[in-house]
Amino acid sequence: MRRRLVLAAPVVLAGCGLSERPYLERRQWPLTIPNPDPRPAPVRGKVLLMRSIGAGPGVEARGLQTIESDGSIRTSFYEEWAVPPAEGVEDALRRWLADSGLFAAVTAPGSRLPADLTLEGELDALWTDMARREARASLAVTAINSRATPGTVRLARAFSASAALTDVTPPGQVVAMRAALADVFRQIAAALAGK
């Protein structure tokens, strides 16, 4: 009797449609934005201490975010960043600035190297806008001269950029959001260089 039930189970499940539903696996996307023009660090350059990048309201979730045509925000459950977005942006910006040729070193909190400049910020936007067919990124940063007493603010500004969304699939959205972030990083590097 027990054997008949075991053999009948697949038939019953097939009748319910459970076997027809595909399994959706979560995909995790790395938030890597390499500097396309890496330059060597100057031997006698300044040291930048990069503190944390916080997450603004609404951008804490790891799922890819999309502003739909009706204005609602959809956060994907199956397509997500490999790390929380603010954490990924912090690491990517640190690497970008280290490759910019502007600083002798770009350090993290806990470093014993004395810093000339301290940078921190907040990620305010990282999403795709379906109505506008673009990806958008926004990052507010503050840079303080660490050697001055009290520290003087060298830069306090929000940087924003958009990139064309030519492919609305998740891989296309990731490419566009990375491109928007790369533009933001270029702007920040230029501002720190005094350009």
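Conventions and cut-offs
- Note on numbering: residues in each chain are counted from 1, in written sequence order.
- Given that the model is predicted, a residue must reach a pLDDT of at least 70 before its local features are reported, and side-chain atom pairs must reach 80 or more before they are shown or counted; all residues, however, enter totals for whole chains, interfaces and linings.
- The basis for every side-chain value is the complete set of heavy atoms in the structure, and neither hydrogens nor water enter the calculation.
- Where helices and strands are cited, they refer to DSSP runs of H or I of at least four residues and of E of at least two residues respectively, numbered from the N terminus.
- With a 1.4 Å probe rolled over the protein chains alone, any residue whose accessible area is under 20% of its type maximum counts as buried; one over 50% counts as exposed, and the rest are partly exposed.
- The contact rule is simple, with two residues in contact once any of their heavy atoms fall within 4.5 Å.
- Accessible surface area values rest on a Shrake-Rupley calculation with a 1.4 Å probe, where residue burial reflects the displayed protein chains alone.
- Expected span of a helix, by definition, is 1.5 Å for each gap between consecutive residues, and there is one gap fewer than residues.
- As used in this record, nonpolar core signifies buried Ala, Val, Leu, Ile, Met, Phe, Trp, Tyr and Cys residues forming a set joined through side-chain atoms within 4.5 Å.
- Salt bridges, as used here, are contacts in which a Lys or Arg side-chain nitrogen is within 4 Å of a carboxyl oxygen on Asp or Glu.

J.: For this particular structure, what's the right way to read the overall build of the protein chain?
T.: Per the secondary structure count, the protein chain includes 3 helices and 8 strands. Counting helices and strands in the order they occur from the N terminus, the protein chain gives α-β-β-β-β-α-β-β-β-β-α. Here the protein chain holds 195 residues, and 38% of them are scored as buried. Long-range contacts, defined as pairs at least 24 residues apart, comprise 70% of the intrachain contacts of the protein chain with a sequence gap of at least 6. Accessible surface, the protein chain as shown: approximately 11,300 Å² in total, 55% of it carbon and sulfur.

J.: Hey, could you run me through the environment of arginine 136 in this one?
T.: Mapped onto the fold, arginine 136 is located in strand 7 (residues 134-145). With a relative accessible area of 31%, arginine 136 lands in the partly exposed category. Placed 45 residues apart in sequence, arginine 136 and leucine 181 show a C-alpha to C-alpha distance of 8.0 Å. With sequence-adjacent residues up to four places away left out, arginine 136 is seen in contact with Ala125, Leu126, Trp127, Ser160, Ala161, Ser162 and Ala180.

J.: How do you make sense of helix 2 (residues 85-98) when you look at a structure like this?
T.: Structurally, the α-helix is built with 3.6 residues per turn, so residues lying three or four positions apart point the same way. With 14 residues, helix 2 should reach 20 Å at 1.5 Å per residue; the first-to-last C-alpha distance of 20 Å fits that figure. Most of helix 2 is tucked away: 10 of the 14 residues are buried. Listing the buried residues of helix 2 in full gives Pro85, Ala86, Gly88, Val89, Glu90, Ala92, Leu93, Arg94, Trp96 and Leu97.

J.: Sorry, what's going on with the nonpolar core here?
T.: Nonpolar side chains in soluble globular proteins tend to be buried together. Grouped together as the largest cluster of nonpolar side chains are 46 residues, with contacts concentrated most on Leu93, Leu97, Leu139 and Phe185. For this core, the secondary structure elements donating two or more residues are strand 2 (46-55), strand 3 (63-67), helix 2, strand 5 (103-107), strand 6 (117-129), strand 7, strand 8 (152-164) and helix 3 (170-193). With 12 residues, helix 3 is the single largest residue contributor to this core. Aside from chain neighbours lying at most four places away, what touches leucine 97 is Leu48, Met50, Phe103, Val106, Leu119, Ala189 and Leu192.

J.: Explain the environment of alanine 182 here, please?
T.: The residue alanine 182 is located in helix 3 in this model. By relative accessible area, which is 10% here, alanine 182 ends up buried. As a C-alpha pair, alanine 182 and asparagine 35 span 147 residues in sequence and 7.8 Å in three-dimensional space. Not counting the four nearest positions on each side in its chain, alanine 182 is found in contact with Ile33 and Trp96.

J.: Could you clarify how one ought to interpret helix 3 in this entry?
T.: The first and last C-alpha atoms of helix 3 sit 35 Å apart over 24 residues, in line with the 34 Å expected at 1.5 Å per residue. Looking one or two places after helix 3, you find glycine 194, whose phi comes out positive at around 85 degrees.

J.: What should I look at first to understand the pattern of salt bridges in this one?
T.: Counting across every chain of the model gives 8 salt bridges. For arginine 39, the salt bridge is made with aspartate 37, and the minimal N-O distance between the two is 2.8 Å. Judged by its relative accessible area of 41%, aspartate 37 falls in the partly exposed class. Here the residues in one salt-bridge network are Arg26, Arg62 and Glu80, joined through shared partners.

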